[in-house]
Each structure stands twice: as structure tokens, then as C-alpha cells.
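These are the residues of each chain, in order.
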Amino acid sequence: IRHLREAGDLDAADATLILDTARELARLTGGREVKKLPTLRGRTVVNLFYEDSTRTRISFEAAAKRLSADVINFSAKGSSVSKGESLKDTALTLQAMGADAVVVRHGASGAPHRLANWVDGSVVNAGDGTHEHPTQALLDAFTMRERLGRLAGLNVTIVGDVLHSRVARSNVVLLNTLGAKVTLVGPPTLIPVDIASALGSGMTVSYDLDAVLPASDVVMMLRVQTERMNASYFPSAREYSRRYGMDGARMRRLPEHAIVMHPGPMNRGMEISPEVADSPRSTIVEQVANGVSVRMAVLYLLLGGK
Ligand code: CP
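What you see is a predicted model; the values in this text were computed from it and never measured. Each chain carries its own residue numbering, running from 1 in the written order of its sequence. Residue-level local features of this predicted model are given only where pLDDT is at least 70; pairs of side-chain atoms are given and counted only at 80 or more, and the full residue set underlies all totals for whole chains, interfaces and linings.

J.: How do you make sense of the overall build of the chain when you look at a structure like this?
T.: Secondary structure elements follow DSSP: runs of H or I no shorter than four residues count as helices, runs of E no shorter than two count as strands, and numbering proceeds from the N terminus. Scanning the chain from terminus to terminus reveals 12 helices and nine strands. With the C-alpha coordinates of the chain rotated into their principal frame, the extents come out at 55 × 45 × 35 Å. Burial is judged by counting the other C-beta atoms within 10 Å of a residue's own C-beta: 20 or more makes it buried, 12 or fewer makes it exposed, and any count in between marks it as partly exposed, with every C-beta position built from the backbone. The proportion of buried residues among the 306 residues of the chain is 46%. By the convention adopted here, residues are in contact when the distance between their C-beta atoms, placed from the backbone, does not exceed 7 Å. Long-range pairs, those at least 24 residues apart, make up 76% of the contacts in the chain with a sequence separation of at least 6.

J.: Quick question: what am I supposed to make of the domain arrangement of the chain here?
T.: How big an interface is tends to be stated in terms of accessible area lost as the parts join. Note that the domain bounds were set by an automatic or database domain assignment. Split by domain assignment, the chain resolves into domain 1 (7-131 + 288-302) and domain 2 (134-286). When each unit is reduced to the centre of its C-alpha atoms, the spacing between domain 1 and domain 2 is 25 Å. The interface of domain 1 with domain 2 comprises 26 residues on the first partner and 22 residues on the second. Sorting the residues of the side of domain 1 that touches domain 2 by element identifies α1 (12-29), β4 (122-128) and α12 (284-302) as the ones contributing at least two each. With seven residues, α12 is the single largest residue contributor to the side of domain 1 that touches domain 2.

J.: What is the right way to read the site of the ligand from this model?
T.: Neighbouring the ligand are the residues Ser53, Thr54, Arg55, Thr56, Gly127, His133, Gln136, Pro263, Gly264 and Pro265. By residue class, the composition of the shell around the ligand is two nonpolar, seven polar and one charged. Both domain 1 (7-131 + 288-302) and domain 2 (134-286) contribute no fewer than three residues apiece to the shell around the ligand. Here, nearness means that the C-beta atom of a residue, built from backbone geometry, sits within 6 Å of the molecule or strand in question. Polar here means any residue other than Ala, Val, Leu, Ile, Met, Phe, Trp, Tyr, Cys and Pro, which are nonpolar, and Asp, Glu, Lys and Arg, which are charged; Gly is therefore polar.

J.: Could you clarify how one ought to interpret the pairing of strand β5 (residues 155-159) in this entry?
T.: Look at any regular strand and the pattern is simple: side chains alternate between the two faces of the sheet. Burial runs high along β5: four of the five residues are buried. Viewed along the sheet, the connection from β5 through helix α6 (residues 166-177) into strand β6 (residues 181-185) turns out right-handed. Here is how to tell: hold the view so the strands point away, follow the path from the first strand over the helix to the second, and if it runs clockwise the crossover is right-handed.

J.: Before we go on, may I ask you to explain the nonpolar core in this structure?
T.: Counting residues in each nonpolar core, the largest one holds 87 residues, and the members touching the most others are Val102, Val103, Ala141, Leu174 and Leu299. In terms of residues, this core owes the most to one element, α12, which gives eight residues. Mapping this core onto the domain boundaries places at least three of its residues in each of domain 1 (7-131 + 288-302) and domain 2 (134-286). Put simply, a nonpolar core is a cluster of buried Ala, Val, Leu, Ile, Met, Phe, Trp, Tyr and Cys residues tied together by C-beta atoms within 7 Å.

J.: How should I be thinking about the environment of Val219 in this particular structure?
T.: Looking at where Val219 falls in the secondary structure, it is placed in strand β8 (residues 218-221). Separated by 60 residues in the primary sequence, Val219 and Val159 place their C-alpha atoms 7.2 Å from one another. Those residues in contact with Val219 that lie beyond four places of it in its chain are Thr157, Val159, Met246, Leu254, Ala258 and Val260.

J.: I would appreciate a short explanation of the pairing of strand β2 (residues 70-75) in the present structure.
T.: Where strand β1 (residues 44-49) and β2 come together, six bridges link them in parallel fashion. What sits directly across from Val46, in β2, is Ile72. Handedness of the β-α-β unit built from β1, helix α2 (residues 55-66) and β2 comes out right-handed. Strands qualify as paired when DSSP identifies two bridges or more between them.

J.: Quick question: what am I supposed to make of the environment of Asp208 here?
T.: Tracing the backbone shows Asp208 in the loop between β7 (203-206) and α8 (209-212). Separated by 35 residues in the primary sequence, Asp208 and Arg243 place their C-alpha atoms 8.0 Å from one another.

J.: Can you walk me through the sheet that holds β5 in this structure?
T.: Hydrogen bonds between backbone groups are what pair the strands of a sheet, and the pairing can be parallel or antiparallel. Here we have five strands laid out as an open sheet, ordered β7-β6-β5-β8-β9, and parallel in their pairing. The sheet is open, and its two edges are formed by β7 and β9 (259-261), each paired on a single side. When the angles between neighbouring strand axes are averaged without regard to direction, this sheet yields 20°. Pairing of β6 with β7 involves four bridges; the strand directions are parallel. Residue pairing for β7: Val182 is matched across the bridge by Met203. The strands touched by α6 within the sheet are β5, β6, β7 and β8, with β6 carrying the most contacts at an inclination of about 155°. To get an axis, fit a line to the C-alpha atoms, keeping to the stretch in contact for a helix; angles then go from 0 to 180 degrees between the N-to-C directions.

J.: Whenever I open this one, the UniProt feature "binding site: carbamoyl phosphate" (unreviewed entry) in the chain confuses me. Can you help?
T.: The sites that carry the UniProt feature "binding site: carbamoyl phosphate" (unreviewed entry) are, in the present numbering, Arg55, Thr56, Arg105, His133, Gln136, Gly264 and Pro265. Take Gln136: it is sitting in helix α5 (residues 134-148). Here Gln136 is in contact with Val167, Ser170 and Pro263, once residues within four sequence places are set aside. Mapped onto the elements, Gly264 comes out in the loop between β9 and α11 (274-277). Not counting residues within four places of it along the chain, the set of residues in contact with Gly264 comprises Arg55, Ile284 and Val288. UniProt positions are given in the numbering used here, feature names are shortened, and annotations may be inferred rather than shown by experiment.

J.: Sorry, what's going on with unusual backbone geometry here?
T.: Generally, phi is negative for residues other than glycine and the peptide bonds are trans, each holding for most cases. A cis amide bond links Gly264 with the next residue in sequence, Pro265, at an omega value of -10°. If you check the backbone angles, Ser68 has positive phi at about 70° while not being a glycine. For Ser68, the position within the fold is in the loop between α2 and β2. Overall, Ser68 belongs to the partly exposed group, with 15 C-beta atoms counted inside 10 Å.

J.: In this structure, what is going on with the sheet that holds β1? I would like to understand it.
T.: Across the sheet, which stays open at both edges, the four strands sit in the order β2-β1-β3-β4 with parallel pairing between neighbours. Each having just a single partner strand, β2 and β4 make up the two edges of the open sheet. Between one strand and the next, the sheet's axes are offset by a mean angle of 15°, whatever the strand orientation. Bridge analysis of β1 against strand β3 (residues 101-106) gives five bridges, and the strand direction is parallel. Residue pairing in the sheet places Val45 in a bridge with Ala101 of β3.

Put into C-alpha cells, the structure is as follows:
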């Protein structure tokens, strides 16, 4: 594949190759001293971020640098975007500077698809509007496989603000490709009515978190995206937390082996309690660490590293 615009760009073989390559790259570069590999020497990766990010932007930068690529970081804030320059003209400017890959985060769903028509290099979606965040889904799948040993047949429960979540969308698609069973849980106002038909067959919807916990191998809590939300369809924070928040009592109803995930950033005390976020079942910090290896694998495979 040339681009990673959405999880649907990957079939099971592609996705498994990325996860296996990430494992090998983690082995080669891990340990107490992080080693650099020379595989992308002379190649240029541009991080084109129109929306804020901590984890994704830093981990793409770390991943590219660990593969010895040159990295250009572009943030819309402080750029000529404030003078009205379009995404296309910005992309062509970066292209003229020799980008082999453009990693893009944008508030508009579909921006990476548009970008792929304008640049010669590979485009990697680092989160577009409420559409997709495919490398987040890959690092989540990697984390599940490392902790639980497999993906096929796992019961993965994704909880919360599905409506606005590009993380949920990419996870549903990728986990379906890799044979896991997904249950989406949340208030009816935050689960799109057409999501089952839009995103595939291996998925069910529930509005009762307590009912699905005992059969869950993985519970993935989503951030409540109040910045994208209309107050009329959001229950109060207290009510939300009572019905859909993961707290210590709910965590103790999970099977012994089950893990709790969150893509970050978290609203501690709303969708997840500090007791759960900081518990041994939580994979939140591992997800961040695994993100670097997975993004290395994506860049390595898209750019044909040697
Ligand atoms: N999970 C995630 O995409 O985090 P950032 O917004 O900090 O990149």
C-alpha cells in the first residue's frame, strides 16, 4: 500500500505485517538505550498538524527519527494558514521541499484523502475530524495482542462518545478485519444509529455497560469530546460517569485477565477514574510506548525502508 488514509486501506495480511514489523522494530530499538536504525536515511517525513496533539505528533517524530529520517514539523498555528493559505497550497509547498511522507492531522473528515491527490509521497492519517485515526487503532491492536496473545475471537467493548470518535471508527474496522468481536456501549445520543450498517458485521451495540463487562476481554474507554458536543444531547458529567464511567467497582466485575484501555487524553473522573487509569489492568502508558513502534513500522513499510 502507498497511503494509510483509513483502517479500511489494510487487509488482514497488511495489518498483521505492520504489527509483526512493529514487534521486530521494538526488539531492535528497545531496551535501556534507544538505538537508531539507518533504514530511512535521506528520506523526509513531514508532520502536518492542523489540530492539537501530544501523543500522535511526538510519537511520529520519534518514530521517524529512530529510523534516521529527516523530520519537518508543521503546525497550523504560527504558519501562513492564518493568512488564508489552503490545505492544497500548503501541501504543494511542503511537496516542493521534498516530502517522502506527509503525516496529517486535520479537523475536516476526509482531508487525508484530498491530500493524497496532491502530493507524490505517502499520506498517513494522524486523525481527521470525526472520521478515522488508523495508527491509533494499530497501536491499540498491538497492545491487545501483546497483553492477551491474540486478536481473533477477543471480545472488545468500546465505551462512550462513539459519535465523535475517530478512534472508535478505526478500531471497529481494524478489529473486524483481524477477527475480534466489538461491542459499542454508550448513551443512545452518542452512538450513531447507522453505525452497524456503516462499519461492518462483527459488531453489536449495547446501552448497558454493566451487562457487557463480565464477557469483555478488553474495555476501551473513549474521551468525552465536549469540544465537539452540543449540550442538548450530552447527559450531565455526573450522570454520564454514573452510567458509563469505568471506576474501581466496575473494573472488579471484569474477568481476571481483562485490560482497560484509553487512547488519551483522558478526562480523569469522567469516563475513567484515577483508580482504574493507574491500575495494573490499565494499558494507557503502554499504548503510548507501543505507538512509537507501530508508527515506525508504518513509515518503514510505506517508504520501503532498507
Ligand atoms: N490519542 C491521541 O490521538 O492523542 P493526541 O491527540 O494527544 O495525539
